[in-house]
Amino acid sequence: MEQRTDLTHFAERVETMRQSIAQVVVGQQETVDLLLTAILANGHVLIEGVPGVAKTLTARLLARLIDARFSRVQFTPDLMPSDVLGTNVFNMKTQDFDFHRGPVFADIVLVDEINRAPAKTQAALFEVMEERQVTVDGVTHSLGQFYTIIATQNPVEQEGTYKLPEAQTDRFMMKITMGYPNIDEEIQILERHHQNLQLTALSDVRPVLTKDELVGMRQLLTQVFVDPVLMRYIVAVVQQTRQSKAVYLGASPRASVALLQASKAFALLQGRDFVTPDDVRHVAPAVLQHRLILTAEAEMEGLTPEKAVKRLIEKVEVPK
């Protein structure tokens, strides 16, 4: 298919971001690509992985590469909604209440260990994630359309954690699973430490993109061509999650929209202004896995949501 949009400048900026990330984080290229895809598609991201695989570091690094307001909030069992959103404080001088903004008032917010806070505090993020606004004491505060949440969680630790409700996980465009580095990557990590070659410090990382430039890149999504046949393919994949006997609760129409947007963003990252079936297949596990609830029988057989999505994709005929 003929290229219609000049993506030279876009490709240069993306490559610069990839190189900057590689100077700090060894490996995890797949995670980086999916994270960039979600940011470009204007979606929130949930990063899951065991301790020590650089979840928080990767999220903080990406935030530094974008010249935008950044804040971080560490979720703990005693965290209250007002600690996240903000609260009204009485001002003795003015004899009136002043609103003190919480850490969610930024452009990019890192929510570390999101599953450590109780349901009441997790629910405080519902409105801000879906509508990008905060309502406190009947007053609504807008956060702008650029607003992005990057959350992390540990999948193995159970003590002192609270399972995220389905209504909240559905608001994340992607759930990215960060695994261990491969042998060569881990050897490279050891060699750097053995030779006392410190990785580039976060404080030395300079922004590559401004907020306005990223907004402009997001507007390129409207120029990405999606064949009607691919539209039906996306719907067919999502429909499979509702028909499978291994799935108790399938993906919603919001998942179909997220899969479309993520496919378009991933195509742009590959330097194309049109979507292919491979783009859909590549991002589908990250877009769909956290939106499924498996049956008890499927879980007893060792099936995971990610594996279930990959199996379901194979059942859908790929358009020619």
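Residues numbered from 1 in each chain as written. Predicted model: local features only at pLDDT ≥ 70, side-chain atom pairs only at ≥ 80, totals over all residues. Heavy atoms only, no water.

Q: Just give me the short version of the overall build of the protein chain, but keep the residues and values in it.
A: A count of helical and extended segments in the protein chain gives 14 helices and 13 strands. Rg of the C-alpha trace for the protein chain: 21 Å, near the compact-globule value of 20 Å for 320 residues, within the 12% margin. Projecting the C-alpha coordinates of the protein chain onto the three principal axes gives extents of approximately 70 × 50 × 45 Å. Out of the 320 residues belonging to the protein chain, those deemed buried represent 49%. For the protein chain, the share of sequence-separated contacts (at least 6 apart) that also reach a separation of at least 24 residues comes to 78%. With 33 positive and 40 negative side-chain charges, the protein chain shows a separation of 3 Å between the mean positions of the two kinds. (Helix = DSSP H or I, 4+ residues; strand = E, 2+ residues; numbered from the N terminus. Rg over C-alpha atoms; globule rule 2.2 N^0.38 Å. Buried < 20%, exposed > 50% of the residue type's maximum accessible area, 1.4 Å probe, protein only. Contact = heavy atoms within 4.5 Å. Lys, Arg positive; Asp, Glu negative; His and termini not counted. Charge placed at Lys NZ, Arg CZ, Asp CG, Glu CD.)

Q: Report on the pattern of salt bridges, specifying residues and quantitative values.
A: Within the structure shown, the criterion is met by 15 salt bridges. The partner of D107 in a salt bridge is K211, and the shortest N-O contact between them spans 3.5 Å. Of this pair, D107 sits in the loop between β5 (96-101) and β6 (108-112) while K211 sits in helix α9 (residues 211-219), placing them 104 residues apart in sequence. Judged by its relative accessible area of 4%, D107 is buried. A single network of salt bridges, built from pairs that share partners, joins E130, D170, R254 and R291. (Salt bridge = Lys/Arg side-chain N within 4 Å of Asp/Glu carboxyl O.)

Q: Let's hear about the side chain of H44: which residues, and what values?
A: Here H44 lies in the loop between α2 (29-40) and β1 (45-48). Only 2.9 Å separates the side chain of H44 from the backbone nitrogen of I149, close enough to count as a polar contact. Each residue touching H44, except ones within four places of it in the same chain, is listed here: M129, R132, Y147, T148, I149, R171, F172, M173 and M174. (Polar contact = N/O pair within 3.5 Å; in protein donor to acceptor, adjacent residues only side chain to side chain.)

Q: Outline the confidence of the model for the protein chain, listing residues and values.
A: For the protein chain, per-residue confidence averages 85 on the pLDDT scale, and 95% of positions sit at 70 or higher. Averaged pLDDT values over the elements of the protein chain bottom out at 80 in helix α1 (residues 8-22) and peak at 94 in helix α12 (residues 277-288). (pLDDT = per-residue confidence, 0-100.)

Q: I'd love a proper account of the pairing of strand β9 (residues 148-153), names of residues and values included.
A: Most of β9 is tucked away: six of the six residues are buried. Side-chain alternation along β9 places T148, I150 and T152 on one buried face and I149, A151 and Q153 on a second face that is also buried. Judged from the four bridges that link them, β1 and β9 form a sheet pairing that is parallel. Bridged to V45 within β9 is I150. As paired strands, β6 and β9 are joined by four bridges and run parallel to one another. Counted as the bridge partner of V109 is I149 from β9. (Pairing = 2+ DSSP bridges.)

Q: Tell me about the sheet that holds β9, residues and numbers included.
A: Strand order in this open sheet of five strands is β3-β6-β9-β1-β10, and the pairing throughout is parallel. Of all the strands in the sheet, the pair left with one neighbour each is β3 (70-74) and β10 (174-177). Within the sheet, the average angular offset between the axes of one strand and its neighbour, ignoring direction, is 20 degrees. (Axes fitted to C-alpha atoms, helices over the stretch in contact; angles between N-to-C directions.)

Q: For the environment of I47, give the residues involved together with the corresponding values.
A: Note on placement: I47 falls in strand β1. I47 has contacts with L35, K55, A59, I150, A151, T152, Q153, I176 and M178, leaving out every residue within four places of it along the chain.

Q: Could you give me a rundown of the packing of aromatic side chains, with the residues and numbers involved?
A: This model, assessed by the stated rule, comprises two aromatic pairs. Taking 5.3 Å as the distance between ring centres and 65 degrees as the angle between the ring planes, the aromatic pair formed by F90 and F97 counts as edge-to-face. Given the relative accessible area of 52%, F97 is considered exposed. Each ring, one from F99 and one from F105, has its centre 5.7 Å from the other, and the planes form 70 degrees; the classification is edge-to-face. Stacked on the ring of F126, the Lys or Arg R171 has its end atom at 4.9 Å from the ring centre. (Phe/Tyr/Trp six-rings, centres within 6.5 Å; stacked < 30°, edge-to-face > 60°. Lys NZ or Arg CZ within 6 Å of the ring centre and 35° of its normal.)

Q: Describe α12, with residues and values.
A: Spanning 12 residues, α12 covers 16 Å between terminal C-alpha atoms, matching the ideal 16 Å at 1.5 Å per step. A large share of α12 lies buried, amounting to nine of its 12 residues. Considered for burial, the residues of α12 that qualify are P277, D279, V280, V283, A284, P285, A286, V287 and L288. In this structure, the buried side of α12 is in contact with α2, β10, α10 (228-243), α11 (253-269) and α14 (305-315). (Expected span 1.5 Å × (residues − 1).)

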